[in-house]
Amino acid sequence: MSQEILLESGTNELEIVIFAIGDGTFGINVAKVECIITAQDVTRVPNSNSNIKGIINYRGRVIPVLDLIKILNLSCSKPTSERLFILININNSDFAVEVSSVKSIKRLSWSEIEKPSNVILSQNNTPITGIVKTEKDGIILMLDFEKLLADIDPSLAMNTSKVFDGLEGKKIVIVEDSPFLIKVVNESFIKAGAVVEKFENGKLALDYLKNCTVSDIHCVITDIEMPVMDGLSLTKYIKSDAKLKQIPVIIFSSIVNDGLKHKGESVGADAQITKPEIDKLVELTKKIKSKVN
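Residues numbered from 1 in each chain as written. Predicted model: local features only at pLDDT ≥ 70, side-chain atom pairs only at ≥ 80, totals over all residues. Heavy atoms only, no water.

S.K.: Residues and numbers for the pattern of salt bridges, please.
M.R.: A side chain with one charge can pair with a side chain of the opposite charge if their charged atoms come near. Under the definition given, this model contains 16 salt bridges. Residue Lys-32 pairs with Glu-146 through a salt bridge whose shortest N-O separation is 3.2 Å. Separated by 114 residues along the polypeptide, Lys-32 in the loop between β2 (24–29) and β3 (33–38) and Glu-146 in helix α3 (residues 145–152) bring together distant segments of the chain. Accessibility assignment for this pair places Lys-32 and Glu-146 in one class, buried. Glu-187 is the partner of Lys-183 in a salt bridge, and the nearest nitrogen-oxygen pair spans 2.9 Å. (Salt bridge = Lys/Arg side-chain N within 4 Å of Asp/Glu carboxyl O. Helix = DSSP H or I, 4+ residues; strand = E, 2+ residues; numbered from the N terminus. Buried < 20%, exposed > 50% of the residue type's maximum accessible area, 1.4 Å probe, protein only.)

S.K.: Lay out the packing of helix α5 (residues 202–210) against helix α6 (residues 231–240) in plain terms, naming residues and giving numbers.
M.R.: At a closest axis distance of 9 Å, the pairing of α5 and α6 adopts a crossing angle of 20°. Taken together, the axes of α5 and α6 are roughly parallel relative to one another. Considering how the two elements wind past one another, α5 and α6 form a crossing that is right-handed. Taking contact as the criterion, the partners of Gly-202, Ala-205, Leu-206 and Leu-209 in α5 are, on α6, Leu-234, Tyr-237 and Ile-238. Classifying every residue of the contact of α5 with α6 gives six nonpolar, one polar and no charged. (Axes fitted to C-alpha atoms, helices over the stretch in contact; angles between N-to-C directions. Parallel < 35°, antiparallel > 145°, perpendicular 65-115°, else oblique. Left-handed = near helix turned anticlockwise from the far one by under 90°. Contact = heavy atoms within 4.5 Å. Nonpolar A, V, L, I, M, F, W, Y, C, P; charged D, E, K, R; others polar.)

S.K.: Can you explain the sheet that holds β2? Please cite residues and give values.
M.R.: Strand order across the open sheet formed by five strands is β8-β1-β2-β10-β9, with mixed pairing between neighbours. Each having just a single partner strand, β8 (101–109) and β9 (128–134) make up the two edges of the open sheet. Sheet twist, expressed as the average angle between the axes of neighbouring strands with direction ignored, equals 30°. Both strand β1 (residues 13–21) and β2 contribute to a ladder of six bridges, which runs antiparallel. (Pairing = 2+ DSSP bridges.)

S.K.: Outline the confidence of the model for the protein, listing residues and values.
M.R.: In this model, the protein carries a mean pLDDT of 86, and residues with pLDDT of at least 70 account for 88%. Here helix α2 (residues 118–121) stands out as the least confident element of the protein, with mean pLDDT 68; α5 is the most confident, with 97. This model gives residues 1–6 a pLDDT under 50, and the stretch forms 16 contacts once residues within four places in sequence are excluded. (pLDDT = per-residue confidence, 0-100.)

This is the structure:
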């Protein structure tokens, strides 16, 4: 999609593509969407994962197509002749999802996205990261595509392959809204000896930082996409504050790529790394103080 639609960094705003699959209405951050195309024939791959419909050829690239009807266990009471593919890039992985329609692109604040309750999340097995209430489209569910991908391909689940040390006693603030992801990141840093403070959005983390001893914080690791306050806004607040700006900030997000790294740079992030490279994240965290100095 055109990069012109992306917003200025640190405004706590985003734009989402609103689309329908079966009887459900869902949303995805525009920053994750490469393009929307008319659906084409899908080539079935024998003995592939049952949640993959097959593959398509898009401009010379082989793209897997996720079967969201099956993955999300959706009903389809209103058959539609329209079929579209949304091509998505996260974690340096390309894939497509078939949708019945694309309703609109909506600009909103992260404060308008509600965190699902634990009852809705069903012991963290439900791939939903947020809920948006609108008059026009009703309730929009923001899908956790990182979890969907990791469930299909365990190599994307950020399982660390190394045994780390060197962070003994270092206090690290981790800001991540996905229970699935924060569990893996938290476990990795605890194994490395770190003391971890976890927060599910930027506002909670910022409130904590404002009331702590800055010299005690080794660094902040933040996702970008979070309800209430996103990671870019959090980073901008930290780096604009006379007291907090000395704290190193690492952005750890599925949408960190060459086309969007300028957004993190513009708000003063000290480093950026894409998910699911947890090994590289831990190594970077060990060196971040000296890197900043």
